[in-house]
Amino acid sequence: LTEFIYVITAFNLSYPITPWRFKLSCMPPNSTYDYFLLPAGLSKNTSNSNGHYETAVEPKFNSSGTYFSNLSKTTFHCCFRSEQDRNCSLCADNIEGKTFVSTVNSLVFQQIGANWNIQCWLKGDLKLFICYVESLFKNPFKNYNYKVHLLYVLPEVLEDSPLVPQKGSFQMVHCNCSVHECCECLVPVPTAKLNDTLLMCLKITSGGVIFQSPLMSVQPINMVKPDPPLGLHMEITDDGNLKISWSSPPLVPFPLQYQVKYSENSTTVIREADKIVSATSLLVDSILPGSSYEVQVRGKRLDGPGIWSDWSTPHVFTTQDVIYFPPKILTSVGSNVSFHCIYKNENKIVPSKEIVWWMNLAEKIPQSQYDVVSDHVSKVTFFNLNETKPRGKFTYDAVYCCNEHECHHRYAELYVIDVNINISCETDGYLTKMTCRWSTSTIQSLAESTLQLRYHRSSLYCSDIPSIHPISEPKDCYLQSDGFYECIFQPIFLLSGYTMWIRINHSLGSLDSPPTCVLPDSVVKPLPPSSVKAEITINIGLLKISWEKPVFPENNLQFQIRYGLSGKEVQWKMYEVYDAKSKSVSLPVPDLCAVYAVQVRCKRLDGLGYWSNWSNPAYTVVMDIKVPMRGPEFWRIINGDTMKKEKNVTLLWKPLMKNDSLCSVQRYVINHHTSCNGTWSEDVGNHTKFTFLWTEQAHTVTVLAINSIGASVANFNLTFSWPMSKVNIVQSLSAYPLNSSCVIVSWILSPSDYKLMYFIIEWKNLNEDGEIKWLRISSSVKKYYIHDHFIPIEKYQFSLYPIFMEGVGKPKIINSFTQDDIEKHQSDAGLYVIVPVIISSSILLLGTLLISHQRMKKLFWEDVPNPKNCSWAQGLNFQKVAFSIFFNPEYIRLTDVLKISGNI
């Protein structure tokens, strides 16, 4: 008959769970813990690697092994014991503190384990509270139903009772038990309740007996077991130490302390160490080449209770036979750097005095740059470094540490970069923002490097010598299409000094460009001047330019003006204005009747800042500036019977050019004056031809040009006089064609008492009904070249009119070219070309003859046979014959001489 045992525990007291392992024991009264826990056949063994006590049980059931007798109506005590304190907790003499055991089959009870190891912790993710329950008597329970439940309650589910929660308030979780009666109980804990008190008790069922532990209490935050540290890594530092580093596990709400255990194994040393640190790294000194290091790390709460995490996965690091520290250096031009080296060759460390250094295996570094740091550590220093020149895909110099006979294939890398980056800044004309630009085209780029502008703003002005401030801020800069990076500061403080530099970030380190300090007020680019106007002043004839200065900045400004004739490509002329109060300027220009484009820009008068952009162009308007400088040149055509005194005279003139009309002609006016003192004017508008009737003995006409300002002042007069029309001073007139576009006209005059003013030459093609062409020629000219299109087979008429002050004289008219002297004048004209050619040829010929004189001797004497040896040449003087032939025209022509000289 099998009976059941019920173990009941009071709830008025709770056992505070410790971060280490503790035991739950149930024993009859008047029994010691050791006797009850370790009867015959049981032994203790401390074998857990993490230092916790663990009991191994070897049950032996024999005749002497009666552990429990007379159990009927016997009271048993259940209590907690810690490994540090072997006294039983929560064993009271009152009835509430006792465990009652009913009558039970002694054989069943003998096979029930009454001791358990318990350990609880909060998982590293801070979500689950875990209790691990392990029976100390494992084997006897293989055939029994073994179950473990954990009852718990959190403050939010407690009832009104401030001391003891009701039994029904507890929640129960089923613990997951393995075949070895090792059970894991998981209690979910809300993040907000990590600092609250959690009440728990265990309910253990085994072999038909139910045990219930005393009440336990715990604050989950004090039982955190972190996850193992992450990212375990080892490297050799620039100082030659081994740096062991790792990362803290995530979600840990407090700082951790770390336990590091490592071992070193080399050909000369084997050592182990165990250290506790608060940082996430540890330095190990005295490393040796060719050594192997194995490291593990675990973590625990730094301040307050907690549980050590599990050990991290072992990490192994092996040093090379040649150790460089640092293995790579990134530095800037002009700096000094040093490398250290430990060299192991054939399991033997090379003494530092025997180490030599090479650069790129091509250049031995002088011993003056070596230093002996210790017996095995050598040092080399490079001074005032130059920029590294890329060699193919290699962007560094290789530094080799060698012994006297050979070099190891491993090397250190030296990167030297020119970090002189120019930063230019510009404050806008509204004084609201400052734009800074910089380019990396002047420096060598490193793969996986980033560049960042950093700055520090002082309260007022810039220091005399800019320096990198320890407190700085980054500024976002964006790459533009022109290859420059651009950063915008807005808002700005005009009188604050902005110290800026470019930081090059790389895995090897960071470099800073030389700092520059910028005062926004000193780099202002003003707005361009406004209201720019340009005009040509009336009567004065100057280009007047006016403008308005921008509102900002308030400093005195200088101005720069550029102007030029408007067109696709303006040829600009510059003019500077240094008077800050000036708002206009007048400049002389060569062409008053042209359109000029004008632009103005400004800059601070003290030279600080930048020139503004050019203003929008302003253009002059062509308008009349002055009265026309002169009237038009004109001529006449007379029609009518020569025997009659009334004749029709048609005046012809060409329109005035802008430079003469200044700048336009609105109309022409003809002034008439006759010998009978008759005077009148006729307005002919814009026509260039006018006909009137000549009836008086003398009739003078003047053609005036009129514009919006007035009439021309200097004008040409032409008097028609009957008596003067008979005055003949032109004795002869000749016309000689040079080619189809030029005819030479020459004449001979006879003496005259009249004052000759000028000549008029007329010509026309008699075979066509074309207009008469004419030219006004100075009175001092006796020959004139007429440039026109002439047809040689056509017949032309040429007329020469002498113009006197008293009137137009009698013309000389010819109706064809002068045939007798055409060839002569053509030859005369050709002389202007032929004579220089002949002179040059003569000089060349004379020089050629002089130079070839000696060669001629050789030609006639050295190359001919000796006369004494030739019968046909006996008695001949070859020198005399040769020169007589050479200078006798009968024997040689000029062209032959030229051929000879050319061959020579």
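See the structure above.
Residues numbered from 1 in each chain as written. Predicted model: local features only at pLDDT ≥ 70, side-chain atom pairs only at ≥ 80, totals over all residues. Heavy atoms only, no water.

Q: I'm lost on the sheet that holds strand S41 (residues 530-536) in this one. Help?
A: In a beta sheet, neighbouring strands pair by backbone hydrogen bonds and run either parallel or antiparallel. Across the sheet, three strands lie side by side as S41-S42-S45; this open sheet has antiparallel pairing. The open sheet terminates on both sides in strands that have one partner only, identified here as S41 and strand S45 (584-587). Strand-to-strand twist of the sheet, defined as the mean angle between neighbouring strand axes without regard to direction, takes the value 15°. Here five bridges tie S41 to strand S42 (residues 543-548), and the two strands are oriented antiparallel to one another. Within S42, the residue paired with Ile 536 across the bridge is Leu 543. (Pairing = 2+ DSSP bridges. Helix = DSSP H or I, 4+ residues; strand = E, 2+ residues; numbered from the N terminus. Axes fitted to C-alpha atoms, helices over the stretch in contact; angles between N-to-C directions.)

Q: How should the pairing of strand S11 (residues 182-188) be read in this particular structure?
A: It is a general feature of regular strands that their side chains alternate between the two faces of the sheet. Bridge count for strand S7 (residues 128-135) against S11 is seven bridges, and the pairing is antiparallel. Across the sheet, the residue bridging to Phe 129 is Val 187, located in S11. Alignment of strand S10 (residues 176-177) against S11, held across two bridges, turns out to be antiparallel. Within S11, the residue paired with Cys 177 across the bridge is Cys 183.

Q: Looking at this structure, how should I read the state of the cysteines?
A: Cysteine pairs can be covalently joined through their sulfur atoms, and such a bond is termed a disulfide. Applying the stated rule across the entire model yields nine disulfides. Through a disulfide, Cys 402 is tied to Cys 407; the S-S separation comes to 1.8 Å. In this structure the cystine formed by Cys 402 and Cys 407 twists about its S-S bond by roughly 100°; its chirality is therefore right-handed. Residue Cys 402 is classed as buried on the basis of its relative accessible area of 0%. Each sulfur of the disulfide joining Cys 462 and Cys 517 lies 2.0 Å from the other. Looking along the S-S bond of the Cys 462-Cys 517 disulfide, the torsion reads about -85°, which is the left-handed sense. (Disulfide = S-S within 2.5 Å. Buried < 20%, exposed > 50% of the residue type's maximum accessible area, 1.4 Å probe, protein only.)

Q: Looking at this structure, I do not really get the pattern of salt bridges. What am I missing?
A: Working definition: two side chains of opposite charge can pair if their charged atoms are close together. Enumeration according to the criterion identifies 14 salt bridges in this entry. Close ionic contact of Glu 413 with Lys 328 constitutes a salt bridge, the shortest N to O distance being 3.8 Å. Highlighted residues: Glu 413 in strand S31 (residues 412-417) and Lys 328 in strand S23 (residues 328-332), separated in sequence by 85 residues. We classify Lys 328 as partly exposed; its relative accessible area is 39%. Put simply, Glu 486 and Arg 437 hold a salt bridge, and the shortest N to O gap is 3.3 Å. Placement of the pair is Glu 486 in strand S37 (residues 484-489) and Arg 437 in strand S33 (residues 434-439), with a sequence separation of 49 residues. The structure contains a network of salt bridges with shared partners spanning Arg 437, Asp 482 and Glu 486. (Salt bridge = Lys/Arg side-chain N within 4 Å of Asp/Glu carboxyl O.)

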